[in-house]
2 protein chains.
Amino acid sequence: MKKFEEKTINSKTIYDGKVVKLQVDDVRLPNGQQAKRELIKHPGAVSVIPITKDNKIVLVEQYRKPLEKSIIEIPAGKLEPGEVPEITAMRELEEETGYTTSHLTKVTSFYTSPGFANELMHIYLAKDLEKLTVPKALDEDEFVEVLEVTLEEAKKLVEEQRIHDAKTNYAILYLDTQELL
Amino acid sequence: MKKFEEKTINSKTIYDGKVVKLQVDDVRLPNGQQAKRELIKHPGAVSVIPITKDNKIVLVEQYRKPLEKSIIEIPAGKLEPGEVPEITAMRELEEETGYTTSHLTKVTSFYTSPGFANELMHIYLAKDLEKLTVPKALDEDEFVEVLEVTLEEAKKLVEEQRIHDAKTNYAILYLDTQELL
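Residues numbered from 1 in each chain as written. Chains lettered and ligands numbered in written order. Predicted model: local features only at pLDDT ≥ 70, side-chain atom pairs only at ≥ 80, totals over all residues. Heavy atoms only, no water.

A.B. asks: Residue-level account of the environment of Ser109 of chain A, with values.
C.D. replies: Along the chain, Ser109 of chain A turns up in strand S9 (residues 104–111). When the C-alpha positions of Ser109 of chain A and Val146 of chain A are compared, they lie 24 Å apart, and in sequence the two are 37 residues distant. If sequence neighbours within four positions are ignored, Ser109 of chain A has contacts with Leu120, Met121 and His122 of chain A together with Gln161, His164 and Asn169 of chain B. Within the structure, Ser109 of chain A has its side chain in polar contact with the side chain of His164 of chain B (distance 3.4 Å). (Helix = DSSP H or I, 4+ residues; strand = E, 2+ residues; numbered from the N terminus. Contact = heavy atoms within 4.5 Å. Polar contact = N/O pair within 3.5 Å; in protein donor to acceptor, adjacent residues only side chain to side chain.)

A.B. asks: So what's going on with the interface of chain A and chain B? Residues and values would help.
C.D. replies: With 69 residues of chain A in contact, the opposing surface of chain B contributes 69 residues. Interface area for chain A against chain B, summed over the two sides, is near 6,100 Å², with a carbon-plus-sulfur share of 63%. Joining chain A to chain B, the criterion identifies six salt bridges. One salt bridge connects Glu61 of chain B with Lys3 of chain A, and the closest N-O pair in it is separated by 3.3 Å. Our count for the chain A to chain B interface comes out at 30 residue pairs in polar contact (both at pLDDT 80 or more). Going through the elements one at a time, strand S1 (7–16), strand S2 (21–28), strand S3 (34–41), strand S5 (57–64), strand S6 (69–73), S9, strand S12 (144–149) and helix H3 (166–177) of chain A are the ones with two or more residues in the side of chain A that touches chain B. The element best represented in the side of chain A that touches chain B is H3 of chain A, accounting for seven residues. Partitioning the side of chain A that touches chain B into residue classes produces 30 nonpolar, 16 polar and 23 charged. (Buried area = accessible area lost by both parts, 1.4 Å probe. Salt bridge = Lys/Arg side-chain N within 4 Å of Asp/Glu carboxyl O. Nonpolar A, V, L, I, M, F, W, Y, C, P; charged D, E, K, R; others polar.)

A.B. asks: Provide a residue-level description of the sheet that holds strand S2 (residues 21–28) of chain B, including the pertinent values.
C.D. replies: Sheet strands pair by backbone hydrogen bonding; their relative direction is either parallel or antiparallel. All names here are of chain B. A sheet is described by the order of its strands in space; here three strands give the open sequence S1-S2-S3, paired in antiparallel fashion. The sheet is open, and its two edges are formed by strand S1 (7–16) and strand S3 (34–41), each paired on a single side. Each adjacent strand pair in this sheet contributes to an overall mean axis angle of 20°, direction not counted. Two strands pair when backbone bridges link them, and S1 and S2 are joined in this way by eight bridges, in the antiparallel orientation. Opposite Asn10, over in S2, you have Asp26 as the bridge partner. (Pairing = 2+ DSSP bridges. Axes fitted to C-alpha atoms, helices over the stretch in contact; angles between N-to-C directions.)

A.B. asks: Outline the packing of aromatic side chains, supporting the account with residue identities and numerical values.
C.D. replies: Residue and element names in this part refer to chain B. Scanning the entire structure with this criterion turns up four aromatic pairs over all chains. When the ring of Phe110 is compared with that of Tyr170, the centres are 5.5 Å apart and the planes differ by 70°; the resulting orientation is edge-to-face. Of this pair, Phe110 sits in strand S9 (residues 104–111) while Tyr170 is found in helix H3 (residues 166–177), placing the two residues 60 residues apart along the sequence. Each member of the pair Phe110 and Tyr170 is classed as buried. (Phe/Tyr/Trp six-rings, centres within 6.5 Å; stacked < 30°, edge-to-face > 60°. Buried < 20%, exposed > 50% of the residue type's maximum accessible area, 1.4 Å probe, protein only.)

A.B. asks: Break down the sheet that holds S3 of chain A for me, with residues and values.
C.D. replies: Residues and elements named next belong to chain A. With antiparallel pairing, the three strands of this open sheet are ordered in space as S1-S2-S3. On the outer flanks of this sheet lie S1 and S3, each paired with one strand and no other. Direction aside, neighbouring strands of the sheet carry axes that sit 20° apart on average.

Structure below.
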């Protein structure tokens, strides 16, 4: 789909970091005028909706530096270069929650902030969780606390804005429409 | 909530643009170690789920430079400094769709990408739409095409990934749970 395409006249990389790359492009608009676009390039991310055998949702609380507070989310992580999303999903599930599963079901995928970033978020459902006998290590700069909650408790956390992010709000609304719990 | 707080040791602004600011912070982790955090500061955004009197959802198609393609979304826009979200919502509804409404209902709000950005997205529902007699101008670098679709058509657009972003996927799922349409 190239409707209203903005052709790149000039592209400048301002910063190329561990997580994000910032690029500022000069573009030719459909009316022939020029404009500047600030673009965040991101490798994409994967999240998992983990459901225990007794129908609890497994969530993780962690500090989010951009918000300067901790919030409660479904487990998630960045895609490594060339990685298949299911592999990322399984790794993040195991590392962050200590559970594993025999299979993942794709729920949806969406761009989180298409106005300024190309981050694509893939969401999977993980049922029939089994506890890992040997826990996996988190990344060395990662600290999370695991919670297991009912759907009603999760909906209360949304109301209280302790759950307050796109993938997790979507996940709770999704579970509320399903006959899973 | 300051669980697992990451205290800022040093903060450096890399870029301060029209839409985003990029900041790289050195932080002290809960275990005493140091880490770097790449943070995108964003003014926040507002989107509207507009429902016509004949129960159609009003959507806009626009080119998204970060994705290098056009996608179909609910109308949305950035908060201006100090602006109340309802004002932004009404402005974006009027400018992008040519409709207005007598009242807006808050649906939810969520951080779009809490791992690297502080963008907070507010979502409103706008019913009882009235056509503006005098259309409002879009921003000079903005080009959109308006579509009016049924809920079934919107769900098909999600399947086809023509609708492919957090706020719009959430909006369609939300409408599917309501008795509105």
